[in-house]
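Residue-level listing of the chains:
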Amino acid sequence: MRQRRRAFTLPEMAMAILIGSVVVLIGWAVMVFTWRVVYQNRIQTAAQTTAFNVVQMIEEDVMRSALIEVPDPDYPSVPSIQVRIPFGNTTRRRAYRLVSGNLVVQYKDEGVGPYTAFSGIGGMAFAFVNSPTNTVVRTTCTMNVGGATIQITSSAYRRN
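Worth saying up front: this structure is predicted, and the values here are computed from it rather than measured.

What follows is about the sheet that holds strand 1 (residues 67-69). The sheet built from 5 strands is open, its strands ordered 1-2-3-4-5 with antiparallel pairing. Every interior strand has two partners, whereas the edge strands, strand 1 and strand 5 (112-119), have only one. In this sheet, neighbouring strand axes are inclined to one another by 20 degrees on average, regardless of whether the strands run parallel or antiparallel. Direction of pairing for strand 3 (residues 90-99) relative to strand 4 (residues 102-107): antiparallel, over a ladder of 6 bridges. Residue pairing for strand 4: L98 is matched across the bridge by L103.

Let us now look at the pattern of salt bridges. Inspection of the entire model under this criterion finds 8 salt bridges. Note that E69 and R84 form a salt bridge whose closest N and O atoms lie 3.3 Å from each other. Separated by 15 residues along the polypeptide, E69 in strand 1 and R84 in strand 2 (residues 80-87) bring together distant segments of the chain. For D72, the salt bridge identified is with K108, shortest N-O distance 2.8 Å. Residue D72 is found in the loop between strand 1 and strand 2, and its partner K108 is found in the loop between strand 4 and strand 5; the two are separated by 36 residues along the sequence. Taken as a pair, D72 and K108 share a single burial class, namely buried. In this structure, a network of salt bridges that share partners links the residues D61, R64, R92, R94 and E110.

Assignment of secondary structure puts T139 in strand 7 (residues 136-145). Looking at T139, the relative accessible area reads 4%, which means it is buried. The spacing of T139 and T50 is 89 residues in sequence and 14 Å in space, taken between C-alpha atoms. Excluding residues that lie within four positions of it along the chain, T139 makes contacts with V55, I58, M124, A125, F126, I152, T153 and S154.

About the criteria used
Residues numbered from 1 in each chain as written. Predicted model: local features only at pLDDT ≥ 70, side-chain atom pairs only at ≥ 80, totals over all residues. Heavy atoms only, no water. Pairing = 2+ DSSP bridges. Helix = DSSP H or I, 4+ residues; strand = E, 2+ residues; numbered from the N terminus. Axes fitted to C-alpha atoms, helices over the stretch in contact; angles between N-to-C directions. Salt bridge = Lys/Arg side-chain N within 4 Å of Asp/Glu carboxyl O. Buried < 20%, exposed > 50% of the residue type's maximum accessible area, 1.4 Å probe, protein only. Contact = heavy atoms within 4.5 Å.

Right, dumping it as structure tokens:
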């Protein structure tokens, strides 16, 4: 066999560098795209978890309540709910309301709150599903993050 003993020419070297650069740029673009998608998915997953936790927290008190008031009589101008939970011979009032993107919780008869339980909420809605008995409440929590709107809706039945 005959061995090649001459060096690469300038056009051959330029073509090799150009092809190598294109491959590196494609690899870099794929990596950046992947990082962005992973970051966006993390943000959306965190928002979905938060929205689920908001709905779950309210749902638990609704299920234990003896009386549900939508909206909270003390805060009728904002999305709010107040539940009365049996405690011995009395009931204890717990209220949830959306204020400037924050879920504010207040245990009115227990001296707890108001405090912010969750923040970054885009919207909340409370509605009775079965009027006139008002024993089932649909709670909706909406969050807008990472270019997506995440909405969790749940219905809870008053069991007491």
